[in-house]
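Working through the structure, step by step
Given next are the chains, with one letter for each unit.
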Amino acid sequence: MIRDPHQQARELIVCGGQDLTDSQQTWLHTHLDGCTSCRDYAQAAEQVVRSLRSVPVAADLALVRITQRRVRLRARQLQQRQERMWLVWMSCLLVGLSAAITTPFLWRGCQWLGEWARVSAPVWQVGFVVFWISPALVASLLFLGRGIHLTDTQG
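Residues numbered from 1 in each chain as written. Predicted model: local features only at pLDDT ≥ 70, side-chain atom pairs only at ≥ 80, totals over all residues. Heavy atoms only, no water.

1. Examining a nonpolar patch on the surface
Together, Met 85, Trp 86, Leu 87, Trp 89, Met 90 and Leu 93 line one region of the surface with nonpolar side chains, adding up to about 660 Å² of accessible area. Within the element layout of this structure, Trp 86 appears in helix α4 (residues 61-117). (Patch = residues over 30% accessible without salt bridge, like charges linked within 9 Å, V, L, I, M, F, W, Y side chains within 5 Å. Areas by Shrake-Rupley, 256 points an atom, 1.4 Å probe, with all protein chains shown as cover. Salt bridge = Lys/Arg side-chain N within 4 Å of Asp/Glu carboxyl O. Helix = DSSP H or I, 4+ residues; strand = E, 2+ residues; numbered from the N terminus.)

Here it is as structure tokens:
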């Protein structure tokens, strides 16, 4: 299907020279040199763009204040989130470090207690696992019961 060269030229003019290949720009300049109506269209489009750029645009004072307030509020929210996440990371680091340090001592203690009470190894090992995991389970249940979680749904 053959396109109308005038329509194609107007589409290229509307692009304003942006994203045009060299061959498209060459074709457009050649067409504008030979076509008065398309040249007038290009000049009119250029005049409209210049007119629009010459009109000053100023925001209303109320809009500026509302925008500033919202930007400050969002910045405060991001800062609070960052502070909370820092506390979470530090807590995780401390819990992991304390678990790495105390687990061998707890293992030895459960082993000694199992030998002293003369129970089989699987029994005292299960007791170790229960004793080792119970603080995390209790804390999880307490947080779940209070509805505390990482996502802040109340703002």
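2. Side note on the packing of aromatic side chains
Counted according to the given criterion, the structure contains four aromatic pairs. Look at Phe 128 and Trp 132: their rings are 6.4 Å apart centre to centre, the planes differ by 20°, and that puts the pair in the stacked class. Here the residue Phe 128 and the residue Trp 132 both occupy positions in helix α5 (residues 121-146), the gap between them amounting to four residues, near one helical turn. We classify Phe 128 as buried; its relative accessible area is 8%. On the accessibility criterion, Trp 132 (43% relative accessible area) is partly exposed. One aromatic cluster in this structure is built from Trp 107, Trp 124, Phe 128 and Trp 132. (Phe/Tyr/Trp six-rings, centres within 6.5 Å; stacked < 30°, edge-to-face > 60°. Buried < 20%, exposed > 50% of the residue type's maximum accessible area, 1.4 Å probe, protein only.)

3. Digging into the pattern of salt bridges
Going through the model one piece at a time under the given rule, you end up with one salt bridge. Residue Glu 46 pairs with Arg 50 through a salt bridge whose shortest N-O separation is 3.4 Å. Taken together, the residues Glu 46 and Arg 50, both in helix α3 (residues 36-54) and four residues apart, mark about one turn of the helix. Overall, the relative accessible area of 47% leaves Glu 46 in the partly exposed class. Residue class for Arg 50 comes out partly exposed when judged on its relative accessible area of 47%.

4. What about the nonpolar core?
Formed by Ala 9, Leu 12, Ile 13, Leu 20, Leu 28, Leu 32, Cys 35, Cys 38 and Ala 42, the largest nonpolar core amounts to nine residues. When residues of this core are traced back to their parent elements, those giving at least two are α1 (5-15), α2 (22-34) and α3. Per-element accounting of this core gives the leading share, three residues, to α1. With sequence-adjacent residues up to four places away left out, Leu 32 is seen in contact with Ile 13, Cys 38, Arg 39 and Ala 42. (Core = buried A, V, L, I, M, F, W, Y, C linked by side-chain atoms within 4.5 Å. Contact = heavy atoms within 4.5 Å.)

5. Here we look at the side chain of His 31
Looking at where His 31 falls in the secondary structure, it is placed in helix α2. A polar contact is formed between the side chain of His 31 and the side chain of His 6, at a distance of 3.5 Å. For His 31, the residues in contact, after removing those within four places along its chain, are Pro 5, His 6, Ala 9 and Cys 38. (Polar contact = N/O pair within 3.5 Å; in protein donor to acceptor, adjacent residues only side chain to side chain.)

6. Quick notes on the confidence of the model for the chain
Low pLDDT means the predicted coordinates in that region are not meant to be read closely. Here the chain averages 85 in pLDDT, and 92% of its residues register 70 or above. Across the chain, element-level confidence peaks in α4 with a mean pLDDT of 90 and bottoms out in α1 with 84. (pLDDT = per-residue confidence, 0-100.)

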